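Now for the letters of each chain:
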Amino acid sequence: MVAVLGQYDNRLRFLRKRFSVNIDVSDKRIVVAGNDNSVVEIVEGIISQVVTAAKKGYVMDWNEFESLVDLYSSWDRLSAQTTQESILSGKIRPKTKGQAEYLEAMRKFDVVFAIGPAGTGKTYLAVAMALDYLKSGAVQRIILTRPAVEAGERLGFLPGDLVEKVDPYLRPIYDAIMDMMPAEKFYTYRQKGVIEIAPLAFMRGRTLNNCFVILDEAQNATHQQMKMFLTRIGFNSKAVITGDVTQVDIDRGSSGLIECESILKGIEGISFVYLSESDVVRHPVVKQIIKAYENYERNKNEKNN
């Protein structure tokens, strides 16, 4: 009950105050009552999600609990409940409305473009979904790739072959995977080719069947690279393309991600998901930083025009 109600019943008090409902707890039963049935259903939905997580051995921290409350408060209860389904054995679940829509899109569509700022979980959730598909047997391999673009840094002096030189670019993908599986298992999968991590240039000439393919940092892929990547997708495969169009490290006019919307929107089987600063799940100050930069860049562009 502590995992559900919180220390000193702080979650219980929070819900009572937030939604103006009565919540009674007795004999391991939680009863919610109030004047508005729709509000009662929202609170019941929140408690149900916390209980389900606790039964699976997962205890939400306070930030996750608040995100869950915000999700149910701002969205239709039934839709929220549907997309609150967890992945990777209940360990990972969406924390915002945008993330819930993102997971739903990955389940429904063969090609998904996720566009949004840093910290919104674009890569992390895509990797989690890919591992979920691999675990269930829905795909046989996971392929993760990024353009080898130097974001203001020079790596040419580093020793080793091309793969070793671009390894620092692929580090965020490694970090996401290591969060979700033991290192030994990851290295075994990689050695056997079950999980492949490679620069985008290595995708040329291949046909990717029975794969879950993720193209990360796609804002740095050129028109030719994006076309090449999208035409590699084979049978029984899913592709997720993630990027932040505000952090383009190549000439903005040549970004394949920016032009994709006008070229591909409306094609059956393709979905575009847009995440914003409200979906950032890093330190709260990150949201403020993103917003400040957006305002600065907008004002700068207006002055230049």
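That block above? That's the structure.
All of the points below concern the structure found in this document. Treat the numbers as computed from the prediction; the structure is a model and nothing was measured.

**A short note on the nonpolar core**
Here comes step 1: Core analysis: the largest hydrophobic core is formed by 35 residues, its most contacted members being Y102, M106, L144, I177, I195, I197 and F212.
Here comes step 2: Element by element, the count of residues in this core is highest for helix α7 (residues 122-136), at nine residues.
Here comes step 3: Setting aside its immediate chain neighbours within four residues, M106 contacts V112, L125, A126, M129, Y133, F212, K238 and V240.
Here comes step 4: F113, I143, F229 and I241 belong to the second-largest nonpolar core, a separate cluster that totals 24 residues.

**Points about the packing of aromatic side chains**
Here comes step 1: Taken as a whole and assessed by the stated rule, the structure comprises seven aromatic pairs.
Here comes step 2: Between the aromatic rings of F14 and W62, the centroid separation amounts to 5.3 Å while the plane-to-plane angle is 80°, which identifies the pairing as edge-to-face. Of this pair, F14 sits in helix α2 (residues 10-19) while W62 sits in helix α4 (residues 62-74), and the two are 48 residues apart along the sequence.
Here comes step 3: The class for W62 is partly exposed, based on a relative accessible area of 31%.
Here comes step 4: Look at F186 and Y187: their rings are 5.1 Å apart centre to centre, the planes differ by 50°, and that puts the pair in the tilted class.

**Regarding the side chain of K238**
Here comes step 1: Tracing the backbone shows K238 in strand β7 (residues 238-243).
Here comes step 2: Of the side chains with opposite charge, D110 comes closest to the buried, unpaired K238, at an N-O distance of 4.3 Å.
Here comes step 3: Here the side chain of K238 touches F109 through a polar contact of 2.6 Å, landing on its backbone oxygen.
Here comes step 4: Once residues lying within four places of it in the same chain are set aside, the contact partners of K238 are M106, R107, K108, F109, D110, Y133, C211, F212 and V213.

Criteria and cut-off values
- Residues numbered from 1 in each chain as written.
- Predicted model: local features only at pLDDT ≥ 70, side-chain atom pairs only at ≥ 80, totals over all residues.
- Heavy atoms only, no water.
- Core = buried A, V, L, I, M, F, W, Y, C linked by side-chain atoms within 4.5 Å.
- Buried < 20%, exposed > 50% of the residue type's maximum accessible area, 1.4 Å probe, protein only.
- Helix = DSSP H or I, 4+ residues; strand = E, 2+ residues; numbered from the N terminus.
- Contact = heavy atoms within 4.5 Å.
- Phe/Tyr/Trp six-rings, centres within 6.5 Å; stacked < 30°, edge-to-face > 60°.
- Lys, Arg positive; Asp, Glu negative; His and termini not counted.
- Salt bridge = Lys/Arg side-chain N within 4 Å of Asp/Glu carboxyl O.
- Polar contact = N/O pair within 3.5 Å; in protein donor to acceptor, adjacent residues only side chain to side chain.

As far as function goes, none of this settles anything; it's purely spatial.
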